[in-house]
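Chain residues, written in single-letter form:
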Amino acid sequence: MSVPLEHDYIGDSSMEKTGDVSIITPQQKSTTKFASSLSMNLKATELRLGLPGSESPERDDGSSAELCIGLPSSKSSVSRPKRGFSVAIHGGSGNWVFSPGAGGPDNNFSSPRNNPAAANSEQAPKDGGLPPQSSPATEKKKAQAAGSGAGPASKAQVVGWPPIRSFRKNTMASHPTPKNSDVVEGGDHNPNSGGSASSTSACLYVKVSMDGAPYLRKVDLKTYGGYKDLSLALENMFSCFTIGQCGSHGVAGRDGVSESRLVDILHGSEYVLTYEDKDGDWMLVGDVPWKMFIDSCRRLRIMKSSEAIGLAPRAFEKCKSSN
Amino acid sequence: MNYFPDEVLEHIFDFVGSHKDRNSVSQVCKLWYRIESYSRQKVFVGNCYAIGPERVAERFSGLKSITLKGKPHFADFNLVPPDWGGFVYPWIEAFARSRVGLEELRLKRMVVSDESLELLSRSFPNFKSLVLVSCEGFTTDGLAAVAAYCRQLKELDLQENDVEDHRGHWLSCFPESSTSLVSLNFACLKGDINLPALERLVARSPNLKSLRLSRAVPLDVLQRILIRAPQLLDLGVGSYLHDPDSENYNKLVTAIQKCKSVRSLSGFLDVAPHCLSAFHIICPNLTSLNLSYAPGIYDNELIKLLRHCHKLQRLWILDCIGDKGLEVVASTCKDLEELRVFPSDPYVGQAAVTEEGLVAISRGCQKLNSILYFCQQMTNAALITVAKNCPNFVRFRLCILDPTKPDAVTQQPLDEGFGAIVQACKDLKRLSLSGLLTDQVFLYIGMYAEQLEMLSIAFAGDSDKGMQYVLKGCKKLRKLEIRDSPFGNAALLMDVAKYETMRSLWMSSCEVTLGGCKALAKRMPGLNVEIINENDQMEFVGGCDDDRQKVEKMYLYRTLAGQRRDAPEFVWTL
């Protein structure tokens, strides 16, 4: 049976360590052998589900809610890779919050007896006494009373509570109730024309994919005034996937407003934004007037610039010419 | 005993349907055991690790249908790590080798790989029915194999599975000659679907009775499908977004009017709610309605829809229905037997229904016997009223979103309320508790819940006594799952023999220690006592430290198969 390497979805640092560990197959397991093999090796593996550890200096509270999945980055973490996409979107802040087991240092349910790094275990501060007082819950409620749009407020939720199947949780998270959601504003009451033929509609949803991201998003092109708005929104949506890549480029690029700013930002992080038009061709975003663009855009794709060879040269030219 | 030819016995046993009864029949004598074993066609294995597939195949030589359950129930809520186990492949492989004439496979919470689906599709020429509930590990490629090679496939039912979607070509893998489909449910798939292939498939399946579509199927395709399949009994609508003035919508209205047989409706995953009136015409015939994935339907549109559903027996809904909406249900759906109210926004931690909605339902729906209710708050008075109004509960599952919330009015624990439920409902088989609860509630459960088979406990109780009351009192208990409750070794070890009368016990974040678990394992070799040790929480050093090491997650179950060989590294079988 293989070592559960999926736990190392975070990336490199943990992966390297497994090379030091002798993999213990179930056949080797027996009560007599446990003591020697496991006590030596389990520490060395440092396979951790959950957050890198509250000792880790990168985990500042200000952004405790911004936990990202996917690309290696110091801020990324994941609970269960296969069921790990239970991410809630709160308000329009674009901050991503991990719910089940998401608590980090703010997790009110962390049990004293467990390694704080093991933030994914369901915890309750129990010492055989009464069940956890209502204070953690009230604290949680206060955080919510501050408004579900208060992005950075961590959700301090208990793993596995409420007891809803992860499938349902994931489905509801990606398609929230119209009442609560900013992203799906107006969408559910109007015809969806993301690709379908019947679109004499008040909104225009198109899919946005990003190379390397585990899932796609949908945006309503009609809610944006122009390329600038679109690029801001996409940046918010996909920031956690590029944060490891941007380095200094992404932030530094925010120096002005232009139609090719999107290309600048994403080019700085080795991505270009492209779209598929009515004819099925992949085009670089930013060439045509906005109105023409939204009339012909069927879907968006944030492509790695290495793949956009045919398009990239024009991107360079456009950058130079408009700056 | 009088002599009966075997064939006569066999014929008599044909009338014995339930697994429990057949199990009892097989215990009477060796002859009955033998005959029952070779004549049993449907086998139910509640825990796939309780017995090995070879043994099952050997005993039940006439096996045609098998139901297998894998992971513990709490795996549904992410409490069990992904690689814990529950693989179906060994079963399919063993059955293929033993030349079992498998026709039906029903799996719940199991890991199903594409390889196992491919092996399944090639090994059993009479295979007819595949039902996967809350499973994972497969992709649409596996489905393609099933579609392509199961020539006699009647049923492909995917419920709430985690499927990796490689886009929609699997539907086109149904051969043109395949016309046997009776039931197709792919609502849980997230990717695009080959729509023309779907339409053609429906067109050539005259026996199709149940069809549940995914989000990828838009209105115009739905309309064409309904025209082709007016005989449908069960319909799951995928996407229901359209312009109410469009020609498509009008065509849909016409198509729906022809579907006079539809008794069960679900889906509406993407919906334009003000156009739901197209479905009002079939609502009076509905016995089952599942809108629990339709957050877009709420307020007036929802009420309007429900007011037409007089014959409803089963309703799954989101809590945005509100207490007021539940009152409408109570006055409209007099035949209601099962109600499930799910939270529409589980992350925010606010539910839109309270004890009032539940009381209203109990007043209006006298036939209610099964409920799953996620709510904001509860009171003892409400529960007592509900118990009085509805003494017929077989399944009662209450989930207050704040897990330790007391009575919202009196601030007392909810012991009395749940006590009233177990006392009044003599047939109660399944119970899930929540809210502030002391040992008292378990005293009541032990005293009154004589038929109880499954009990779920979370954040409840004060001491070992709580669990002891349950173990002592509930003679028919089969599954006990406990999390975050202060039960320790004294409770665990009180009656170790009891666990062999049960399917399984789950305890997580309780007070049991490694020493206690080891002691249990030693005394009961017929049990697998598994410790799930994630994140290096424990060191297996042995010695007296064991009693200070609390076990984070323990899962034990009776088994004839011994220690399982596919356990991952972090699972220790003691």
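Every chain begins its residue count from 1, and numbering advances along the sequence as written. Whichever chain is written first becomes A and whichever ligand is written first becomes 1, with later ones labelled in order. Where local features are concerned, this predicted model is filtered to residues with pLDDT of at least 70; where side-chain atom pairs are given and counted, the filter is 80 or more; whole-chain, interface and lining totals use all residues. Only hydrogens and water are set aside; all other atoms, that is, all heavy atoms of the structure, feed into the side-chain values.

J.: Describe the overall build of chain A, with residues and values.
T.: Tallying secondary structure elements over chain A gives nine helices and seven strands in all. Think of it in three bands: residues with accessible area under 20% of the maximum for their type are buried, residues over 50% are exposed, and the middle band is partly exposed, with areas taken using a 1.4 Å probe on protein chains only. For chain A, the residues scored as buried account for 51% of the 323 residues in total. Within chain A, contacts between residues at least 6 apart in sequence are counted, and of these 58% link residues at least 24 apart. Reported accessibility uses the Shrake-Rupley method at a 1.4 Å probe radius. Residues are deemed covered only where the shown protein chains occlude them. Surface exposure of chain A reaches about 14300 Å², of which carbon and sulfur atoms provide 53%. Put simply, DSSP H or I for four residues or longer makes a helix, DSSP E for two residues or longer makes a strand, and each gets a number counted from the N terminus. Any two residues whose heavy atoms approach within 4.5 Å are treated as being in contact.

J.: How would you explain the UniProt feature "domain: F-box" (unreviewed entry) in chain B if you had to name every residue and give the values?
T.: In the numbering used here, UniProt assigns the feature "domain: F-box" (unreviewed entry) to residues 4-43 of chain B. Split by type, residues 4-43 of chain B is 65% helix and 5% strand. Its first and last C-alpha atoms lie 25 Å apart. UniProt positions are given in the numbering used here, feature names are shortened, and annotations may be inferred rather than shown by experiment.

J.: Could you give me a rundown of the packing of aromatic side chains, with the residues and numbers involved?
T.: All names here are of chain B. Between the rings of Phe, Tyr and Trp (Trp by its six-membered ring), a pair exists once the centres lie within 6.5 Å; its type follows the angle of the planes, with under 30 degrees stacked, over 60 edge-to-face, and the other angles tilted. Applying the stated rule across the entire model yields 24 aromatic pairs over all chains. Arranged with centres 5.7 Å apart and planes meeting at 70°, the rings of Trp84 and Tyr555 form a pair that is edge-to-face. With Trp84 in the loop between strand E2 (65-69) and helix H5 (89-97) and Tyr555 in strand E22 (residues 553-558), the pair connects residues that are 471 residues apart, well separated along the chain. In this structure Trp84 comes out as buried when scored by relative accessible area, which is 0%. Exposure remark for Tyr555: the relative accessible area of 4% places this residue in the buried category. For the ring pair Phe342 and Phe374, a centre distance of 6.1 Å and an interplane angle of 25° mean the geometry is stacked.

J.: A description of the nonpolar core should follow, citing residues and the corresponding values.
T.: As a rule of thumb, soluble globular proteins bury nonpolar side chains together. With 201 residues, the main nonpolar core has Ile66, Trp170, Tyr240, Phe268, Phe396, Ile445 and Leu492 of chain B as its most contacted residues. Excluding anything up to four places from it in sequence, Ile66 of chain B contacts Val43, Val45, Val56, Trp91, Phe95, Leu102, Glu104, Leu105 and Arg106 of chain B. Here the nonpolar core consists of buried residues drawn from Ala, Val, Leu, Ile, Met, Phe, Trp, Tyr and Cys, with membership extended through side-chain atoms lying within 4.5 Å. Core analysis: the second largest hydrophobic core is formed by 24 residues, Leu221, Met237, Tyr271 and Leu273 of chain A among them.

J.: Explain the side chain of Glu276 of chain A residue by residue, including any values.
T.: All names here are of chain A. Tracing the backbone through its elements, the reader meets Glu276 in strand E5 (residues 271-277). Buried charge without a salt bridge: Glu276, with Arg299 as the nearest opposite-charge side chain at an N-O distance of 4.1 Å. When sequence neighbours within four positions are dropped, the list of residues in contact with Glu276 reads Asp281, Trp282, Ser296, Cys297, Arg298 and Arg299. Only four residue types enter the tally: Lys and Arg on the positive side, Asp and Glu on the negative side, with His and both chain ends excluded. One speaks of a salt bridge when a side-chain nitrogen belonging to Lys or Arg is within 4 Å of a carboxyl oxygen belonging to Asp or Glu.

J.: Which residues make up the layout of surface pockets, and what values go with them?
T.: The method is simple in principle: a probe with the dimensions of a water molecule rolls over the atoms, and the space it marks as empty is what remains. Residues and elements named next belong to chain B. We place a 1 Å grid over just the protein atoms. Points where a 1.4 Å probe fits but has no way out form a cavity, open points with protein on both sides within 12 Å along at least 5 of 7 lines form a pocket, and any residue with an atom within 4 Å of a point lines it. Grid points are joined across faces, edges and corners, and a volume is the space filled by probe spheres set on the points. Quantified by volume, the second largest pocket comes out at close to 430 Å³. Lining the second largest pocket are 19 residues, and of these Tyr49, Gly52, Pro53, Pro90 and Arg565 lie nearest its centre. Broken down by secondary-structure element, the contributors of at least two residues to the lining of the second largest pocket are helix H4 (53-59) and H5. If you tally residues by element for the lining of the second largest pocket, the top one is H5, at five residues.

J.: I'd like to hear about helix H16 (residues 439-448) of chain B, residue by residue, with values.
T.: By the burial criterion, the buried members of H16 of chain B are Asp439, Val441, Phe442, Tyr444, Ile445 and Gly446 of chain B. Where H16 of chain B is buried, its residues contact helix H15 (415-424), strand E17 (430-432), strand E18 (454-458) and helix H17 (464-473) of chain B.

J.: Tell me about helix H2 (residues 19-26) of chain B, and name the residues and values.
T.: Residue pairs spaced three or four apart in an α-helix point in one direction, given the helix's 3.6 residues per turn. Residue and element names in this part refer to chain B. All of the buried residues in H2 are Arg22, Val25 and Ser26. All buried residues of H2 lie within an arc of 95° about the axis, which places them on one face of the element. Turning to H2, the residues buried within the fold contact helix H1 (6-13), helix H3 (30-39) and H4. To obtain the arc, one takes the directions from the helix axis to the C-beta atoms.

J.: Quick one: what's the story with a nonpolar patch on the surface, residue by residue and with numbers?
T.: Here the term patch refers to residues with relative accessible area over 30% and no salt bridge, with like charges joined within 9 Å and nonpolar side chains (Val, Leu, Ile, Met, Phe, Trp, Tyr) within 5 Å. A grouping of Phe4, Val8 and Ile12 of chain B is seen on the molecular surface, where their side chains present a nonpolar patch of about 230 Å² in accessible area. Judged by relative accessible area, Phe4 of chain B falls into the partly exposed class, the value being 40%.

J.: Run through the pairing of strand E13 (residues 314-318) of chain B, naming residues and quoting values.
T.: All names here are of chain B. Where burial is concerned, most of E13 is hidden: four out of the five residues are buried. In this description, strands pair whenever DSSP reports at least two bridges between them. Alignment of strand E12 (residues 288-290) against E13, held across three bridges, turns out to be parallel. Within E13, the residue paired with Leu289 across the bridge is Leu315. We call a crossover right-handed when, viewed with the strands running away from us, the connection from the first strand over the helix to the second turns clockwise. The handedness of the E12 to E13 crossover, carried by helix H11 (residues 299-306), is right-handed. Sheet analysis places E13 next to strand E14 (residues 338-342), joined by five bridges and oriented parallel. The residue bridging Trp316 from the neighbouring strand is Arg340, located in E14.

J.: Would you mind going over the sheet that holds strand E4 (residues 217-220) of chain A in detail, with residue names and values included?
T.: As a general point, the strands of a sheet are linked pairwise by backbone hydrogen bonds and lie either parallel or antiparallel. All names here are of chain A. Spatial strand order, E4-E3-E7-E5-E6: five strands in an open sheet with mixed pairing. This sheet does not close on itself; its edge strands, each paired only once, are E4 and strand E6 (282-284). Across the sheet, the mean angle separating the axes of adjacent strands is 30° when strand polarity is ignored. One ladder, built from four bridges, connects strand E3 (residues 205-210) with E4; its direction is antiparallel. Bridging across to E4, Lys207 finds its partner in Lys218. Convention adopted: a line fitted to C-alpha atoms gives each axis, helices being fitted over their contacting stretch, and angles between N-to-C directions are expressed from 0 to 180 degrees.

J.: Which residues make up unusual backbone geometry, and what values go with them?
T.: Of note, the amide linkage connecting Trp161 of chain A to Pro162 of chain A takes the cis form, showing an omega dihedral of -5°. In this structure, Pro162 of chain A sits in the loop between helix H3 (134-145) and helix H4 (166-174). The backbone of Arg99 of chain B sits at a positive phi, close to 55°, despite the residue not being glycine. Tracing the chain through its elements places Arg99 of chain B in the loop between H5 and strand E3 (104-108). A relative accessible area of 72% places Arg99 of chain B in the exposed class. In this structure, Ser509 of chain B is a non-glycine residue whose phi angle is positive, near 55°.

J.: Give me the lowdown on the pattern of salt bridges, citing residues and values where you can.
T.: In the structure shown here, the tally under the stated rule is 29 salt bridges over all chains. We note a salt bridge from Lys367 of chain B to Asp335 of chain B, for which the minimum N-O separation is 3.1 Å. With Lys367 of chain B in the loop between helix H13 (355-364) and strand E15 (370-375) and Asp335 of chain B in the loop between helix H12 (322-332) and E14, this pair connects stretches of sequence that are 32 residues apart. For Lys367 of chain B, a relative accessible area of 43% corresponds to the partly exposed category. One salt bridge in this structure joins Arg564 of chain B and Asp566 of chain B, with 3.0 Å as the shortest N-O distance. Taken as a pair, Arg564 of chain B and Asp566 of chain B share a single burial class, namely buried. Here the residues in one salt-bridge network are Arg165 and Arg168 of chain A together with Asp76, Arg109 and Glu160 of chain B, joined through shared partners.

J.: Describe the pairing of E14 of chain B, naming the residues involved and giving the relevant values.
T.: Residues and elements named next belong to chain B. Counting buried positions along E14 gives five out of five residues, so the element sits mostly inside the fold. Residues Glu338, Arg340 and Phe342 of E14 are buried on one face, and the alternating residues Leu339 and Val341, pointing to the opposite face, are buried as well. Each parallel crossover has a hand, and the one from E13 via H12 to E14 is right-handed. Where E14 lies against E15, four bridges are found, and the strand directions are parallel. Paired with Arg340 across the bridge in E15 is Leu372.

J.: I'd like a rundown of the confidence of the model for chain B, residues and numbers included.
T.: What pLDDT expresses is the predictor's confidence in each residue, scored from 0 to 100. With 96% of its residues at a pLDDT of 70 or more, chain B shows a mean pLDDT of 92. As a predicted assembly, this complex carries a pTM of 0.69 together with an ipTM value of 0.90.

J.: Tell me what's going on with the environment of Met110 of chain B, and back it up with residues and numbers.
T.: All names here are of chain B. Mapped onto the secondary structure, Met110 falls in the loop between E3 and helix H6 (114-123). Judged by its relative accessible area of 0%, Met110 is buried. Separated by 41 residues in the primary sequence, Met110 and Lys69 have C-alpha atoms spaced 6.6 Å apart. Beyond its immediate sequence surroundings of up to four residues, Met110 is in contact with Cys48, Leu68, Lys69, Gly70, Gly86, Phe87, Val88, Ser134, Cys135 and Glu136.

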